[in-house]
Amino acid sequence: MLRVLIVDDSPTARGLLTGILGSDPGIQIIGEAANGAEAVQRTRDLRPDLVTMDVHMPHMDGYGATKEIMIHCPTPIVIVTASLGARDVAATMRALEAGALTVLEKPVGSGSPHFEAQARQLIATVKAMADVKVVRHHRSPKLNQPIPSSASPRVSPRTGRGRIIAIAASTGGPAALQTILSRLPTKLPVPIVVVQHISRGFVTGLASWLGTVCKLDVRVARDGEPLVPGTVYLAPEDKHLGVRGRTGIALSDESPVGGFRPAGTVLFESVAQAFGGEMVGVILTGMGEDGVQGLRAVRAAGGTVIAQDEATSIVFGMPGVAIASGLADDVLPLEAIASRLLELIVTR
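Nothing here was measured: the structure is a model prediction, and the numbers come from that model.

Chemist: Outline the sheet that holds strand S9 (residues 231-234), listing residues and values.
Modeler: Paired through backbone hydrogen bonds, the strands of a sheet run either parallel or antiparallel to each other. Taken in spatial order, the seven strands line up as S8-S9-S7-S6-S12-S13-S14 in an open sheet, and their pairing is parallel. If you trace the sheet from one side to the other, it starts and ends with strand S8 (217-220) and strand S14 (330-332), each paired once. With direction set aside, neighbouring strand axes in the sheet form an average angle of 20 degrees. Inspection of the sheet shows S8 paired to S9 by four bridges, in the parallel sense. Bridge pairing in S9 places Val-218 opposite Val-232. Contacting strand S12 (280-283) and strand S13 (304-308), helix H9 (residues 292-301) crosses the sheet at an angle of about 145 degrees to S13.

Chemist: Please give an account of the packing of helix H6 (residues 173-181) against helix H11 (residues 334-344) that cites residues and values.
Modeler: Contact geometry for H6 and H11: axes closest at 8 Å, N-to-C directions at 45 degrees. It follows that H6 is oblique to H11 by the angle criterion. Note that H6 runs across H11; the crossing there is right-handed. Where H6 abuts H11, its residues Ala-176, Thr-179 and Ile-180 lie against Leu-334, Glu-335, Ile-337, Ala-338 and Leu-341. Classifying every residue of the contact of H6 with H11 by side-chain character gives six nonpolar, one polar and one charged.

Chemist: Before we move on, can you summarise the packing of aromatic side chains with the specific residues and values?
Modeler: Inspection of every chain in the model, using the stated rule, returns zero aromatic pairs. The cationic tip of Arg-94 hangs over the ring face of Tyr-63; the distance from NZ or CZ to the ring centre is 3.8 Å.

Chemist: Any details on the pattern of salt bridges? Residues and values, ideally.
Modeler: Under the criterion given, the structure shown has 17 salt bridges. Its salt-bridge partner being Lys-106, residue Asp-54 comes within 3.6 Å of it at the nearest N-O pair. You can see Asp-54 sitting in the loop between strand S3 (50-53) and helix H3 (62-72) and its partner Lys-106 sitting in the loop between strand S5 (102-105) and helix H5 (115-129), a full 52 residues away along the chain. Asp-54 gets classed as buried once you look at its relative accessible area, which sits at 6%.

Chemist: Lay out the side chain of Ser-199 in plain terms, naming residues and giving numbers.
Modeler: Residue position: Ser-199 is located in the loop between strand S7 (192-196) and helix H7 (203-213). According to the relative accessible area criterion, Ser-199 is buried, its value standing at 10%. Within the structure, Ser-199 has its side chain in polar contact with the backbone oxygen of Val-103 (distance 2.7 Å). If we ignore the near neighbours within four places in the chain, the residues touching Ser-199 are Val-103, Leu-104 and Glu-105.

Reading guide: rules and limits
Residues numbered from 1 in each chain as written. Predicted model: local features only at pLDDT ≥ 70, side-chain atom pairs only at ≥ 80, totals over all residues. Heavy atoms only, no water. Pairing = 2+ DSSP bridges. Helix = DSSP H or I, 4+ residues; strand = E, 2+ residues; numbered from the N terminus. Axes fitted to C-alpha atoms, helices over the stretch in contact; angles between N-to-C directions. Contact = heavy atoms within 4.5 Å. Parallel < 35°, antiparallel > 145°, perpendicular 65-115°, else oblique. Left-handed = near helix turned anticlockwise from the far one by under 90°. Nonpolar A, V, L, I, M, F, W, Y, C, P; charged D, E, K, R; others polar. Phe/Tyr/Trp six-rings, centres within 6.5 Å; stacked < 30°, edge-to-face > 60°. Lys NZ or Arg CZ within 6 Å of the ring centre and 35° of its normal. Salt bridge = Lys/Arg side-chain N within 4 Å of Asp/Glu carboxyl O. Buried < 20%, exposed > 50% of the residue type's maximum accessible area, 1.4 Å probe, protein only. Polar contact = N/O pair within 3.5 Å; in protein donor to acceptor, adjacent residues only side chain to side chain.

Shown next, in the form of structure tokens:
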């Protein structure tokens, strides 16, 4: 039985989440908290398998509660929030940085046409995230402190060929992207295109947040805009991201691939077709195997593939399948990926 603590300042929202999660025979709601301070205390007392966490609450918000929980009693945390203003999204991104695993849009009630899909996604996510082994955070971590890896990195001898970087990520991806992008220089001589699976309404806030933690220009991609070195293009909501030749962004409404739109596979296939061996594909932490089929096109075209290692992945689904399929040239801990990218791209 999966034991869940629900944290939300709204009694209505707590009742809704209790009803959804409690409808699954494998989930038991063991308690509720109406603010962040209560959430910290009840997590310490009840030791749940997972906490669902709202963002804006009295006494202590979701970011503060997440930070304290990850310091004192590390527990898988899923952010569940309805507010999508810039302030709310920024707070959500900070909670992910503090150790929360992923973010979901709060179901809006049984009268919504999206309710059944949102309820299924909430149950599936809670079940998947409860199995993640989270680590204890520290109140004043040293900047750029390496993350230990359980195995020696595997690195190919390739260097200096890449003219574009393509990245696919899912669960745990926002914090992983922050780690990588914050270590790249302002005058990066190549563009970066990114598919990050994230709940509706959060991609613009993700772009803004990443723009504050790195030296690069981070934006949500627009169809037809030029590819500019030193710029990070995030796939917009519900659009496939690719490239048009070697010069511009291409967005499409084509059918989802493997259940995803945007899909990492579409991104990798498009970039591989345009850039061939002069591209670097990066597959990061995430559930499932989106992007893996696209990496076959990257390898066939002569491009280089980097996969995040198991020890530093929140969820070792996507990179794990890529590695098991023999598609990764380099298998690296998260903190080593940026420096490897600098070795692989061309200098101008």
